[in-house]
Amino acid sequence: MDSNDASYGSIMAERLMVQSRSPFEIHHILTGLENTPETDVEADLYLPEGEGPFGCVLALHGSIGWADHHQDHVNGWIEAGLAVCKVHSFTSRSIDSTVDDQLSVTHAMMLVDAFKTRAVLEQDSRIGKIGIAGWSLGGTVALYSAWSPLIEILGTPFDAHLPFYPAAHLRPELQTWSDSPILILHGDADDWTPLHFVEGLVPQLPNATLHVYSGAHHSFDCEKELTWLPKAVHLNKRTARIAKNGNMSGELLFGIRWPLNQRWQRRWVIRILRNRGAHVQGHPTARADSLVRSQEFFFKQLG
């Protein structure tokens, strides 16, 4: 690990180089991860003052990449005495944003990044328990990293999961999950990754708590005015099934199921369904609560 220019206050980040892979879909993780492209991914590790081992939060950004409100949470976790490891899934693949396509860097790629980074962290004697947090796209990773078939392939379970407004549209036929605690923070006015997907998934999660903020949009923990993103690919009502054999599909019109394993299949569905446009908006009450609630959750589970 080498120091780089990233820092939090007087704390310099240590740069980790992680050997990862780039599967397009979860299907490719389940059916042939070893055949997917190899990728080197960068991550920044921040250690709080004092002596370890420290509980550590592995953090994953959303579709826009790293943003100021993500850093606000990171700062709070460090102040609480936790280490934080920020994974750079986008810039490591020369991508800035996936808002308009959701295809260039996928949740499957970020899932592998997360577990490969966790494997590096667990070899560090300064690191104790390891949790995972993510926003939006990263929140999807923080949520589905608790699914047991993925853990069996990718590595060791995380000790705690904190998804912020995740896309929770994936419905595995094998409903087996880690017992690690999951805290999901979501707004009921979210029209990018709607709350009803999370509500439909929570009953099969063995140790999950869903906290809903009334009137809160996507990115409620930022400080932006209400903003319309006309090209954002949003979810509507359709879920995606992950069959026991790893094949993924979604129901289109008249009960017809369409495969979702390949990039061209996903691109075609996006064009046909025309699910475009979503809002983001900061919600001062939800923001303030989530900053405290996330810190308390990780301090309790990892501290």
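Up top is the structure these notes are about.
Note that the coordinates shown come from a computational prediction; the quantities given were computed from them, not determined experimentally.

**What to know about the packing of aromatic side chains**
- Scanning the entire structure with this criterion turns up ten aromatic pairs.
- Ring geometry for Tyr-165 and Phe-220: centres 5.2 Å apart, planes at 80°, overall edge-to-face. Taken together, the residues Tyr-165 in the loop between strand E7 (160-164) and strand E8 (170-172) and Phe-220 in the loop between strand E10 (208-213) and strand E11 (227-233) connect sequence positions 55 residues apart. We note that Tyr-165, like Phe-220, is buried.
- Through a chain of ring-to-ring contacts, three or more aromatic side chains come together here, namely Trp-66, Trp-77, Trp-135, Phe-164, Tyr-165, Tyr-213, Phe-220, Phe-297 and Phe-298.
- The aromatic ring of Trp-66 is capped on one face by Lys-86, whose charged end is 4.7 Å from the ring centroid.
- Of note, Arg-118 hangs over the ring of Phe-158, and the distance from its end group to the ring centre comes to 5.5 Å.

**Considering the nonpolar core**
- Counting residues in hydrophobic clusters, the biggest one holds 58 residues, and the most contacted among them are Ile-26 and Leu-45.
- Among the elements that take part in this core, helix H3 (residues 107-121) stands out by supplying eight residues, more than any other.

**Overview of the sheet that holds strand E12 (residues 240-242)**
- If you trace the four strands from one edge of the open sheet to the other, you get E8-E12-E13-E14, paired in mixed fashion. Only two strands of the sheet have a single neighbouring strand rather than two, namely E8 and strand E14 (257-259). Taken pair by pair, the neighbouring strands of this sheet meet at an average axis angle of 30°, ignoring direction.

**Overview of the pairing of strand E13 (residues 248-251)**
- Here E12 runs beside E13; their pairing, made up of three bridges, is antiparallel. For Ile-242, the partnering residue across the bridge sits in E13 and is Met-248.
- Between E12 and E13, which pair antiparallel and follow one another directly, the connecting turn spans five residues, one of which, Gly-246, has a positive phi of 95°.
- Note that E13 and E14 share three bridges and pair antiparallel. Within E14, the residue paired with Gly-250 across the bridge is Trp-258.

**Things to note about the pattern of salt bridges**
- The final tally for this structure, using the stated rule, is twelve salt bridges.
- Residue Arg-118 is joined to Glu-122 by a salt bridge in which the shortest nitrogen-to-oxygen separation is 2.5 Å.
- The class of Arg-118 is buried, set by a relative accessible area of 5%.
- Among the residues examined, Glu-122 registers a relative accessible area of 35% and is labelled partly exposed.

**Re the environment of Ser-148**
- Among the secondary structure elements, Ser-148 is positioned in helix H5 (residues 148-154).
- Considering only alpha carbons, one finds Ser-148 and Thr-39, 109 residues apart in sequence, at a separation of 24 Å.
- In this view, Ser-148 contacts Thr-176, Trp-177 and Ser-178; residues no more than four positions away in its chain are not counted.
- For Ser-148, the side chain forms a polar contact with the main-chain nitrogen of Trp-177, separated by 3.4 Å.

**Remarks on the side chain of His-218**
- Secondary-structure assignment places His-218 in the loop between E10 and E11.
- You can call His-218 buried: its relative accessible area is 1%.

**Concerning the state of the cysteines**
- All chains considered together, the criterion is met by zero disulfides.
- Cys-56 forms no disulfide, and the closest cysteine sulfur to it belongs to Cys-85, at a distance of 5.8 Å.

**Here's the deal with the packing of helix H2 (residues 68-79) against helix H8 (residues 284-302)**
- For the pair H2 and H8, interaxial distance at closest approach is 9 Å and the crossing angle is 40°. Relative to H8, H2 is oriented oblique. Considering the relative orientation of H2 and H8, their crossing is right-handed. Here His-69, Asp-72, His-73, Gly-76 and Trp-77 of H2 come into contact with H8, specifically with Arg-287, Ser-290, Leu-291, Ser-294, Gln-295 and Phe-298.
- A breakdown of the residues in the contact of H2 with H8 according to their chemical character gives three nonpolar, six polar and two charged.

**A closer look at the side chain of His-161**
- As for its position among the elements, His-161 is in strand E7.
- Classification of His-161 by relative accessible area gives buried; the value is 0%.
- Within the structure, His-161 has its side chain in polar contact with the backbone oxygen of Ala-142 (distance 2.8 Å).
- Other than its neighbours up to four places away in sequence, His-161 contacts Ile-132, Ala-142, Ser-145, Ala-146, Ser-180, Pro-181, Ile-182, Leu-183 and Phe-297.

Cut-offs used in this document
Residues numbered from 1 in each chain as written. Predicted model: local features only at pLDDT ≥ 70, side-chain atom pairs only at ≥ 80, totals over all residues. Heavy atoms only, no water. Phe/Tyr/Trp six-rings, centres within 6.5 Å; stacked < 30°, edge-to-face > 60°. Helix = DSSP H or I, 4+ residues; strand = E, 2+ residues; numbered from the N terminus. Buried < 20%, exposed > 50% of the residue type's maximum accessible area, 1.4 Å probe, protein only. Lys NZ or Arg CZ within 6 Å of the ring centre and 35° of its normal. Core = buried A, V, L, I, M, F, W, Y, C linked by side-chain atoms within 4.5 Å. Pairing = 2+ DSSP bridges. Axes fitted to C-alpha atoms, helices over the stretch in contact; angles between N-to-C directions. Salt bridge = Lys/Arg side-chain N within 4 Å of Asp/Glu carboxyl O. Contact = heavy atoms within 4.5 Å. Polar contact = N/O pair within 3.5 Å; in protein donor to acceptor, adjacent residues only side chain to side chain. Disulfide = S-S within 2.5 Å. Parallel < 35°, antiparallel > 145°, perpendicular 65-115°, else oblique. Left-handed = near helix turned anticlockwise from the far one by under 90°. Nonpolar A, V, L, I, M, F, W, Y, C, P; charged D, E, K, R; others polar.

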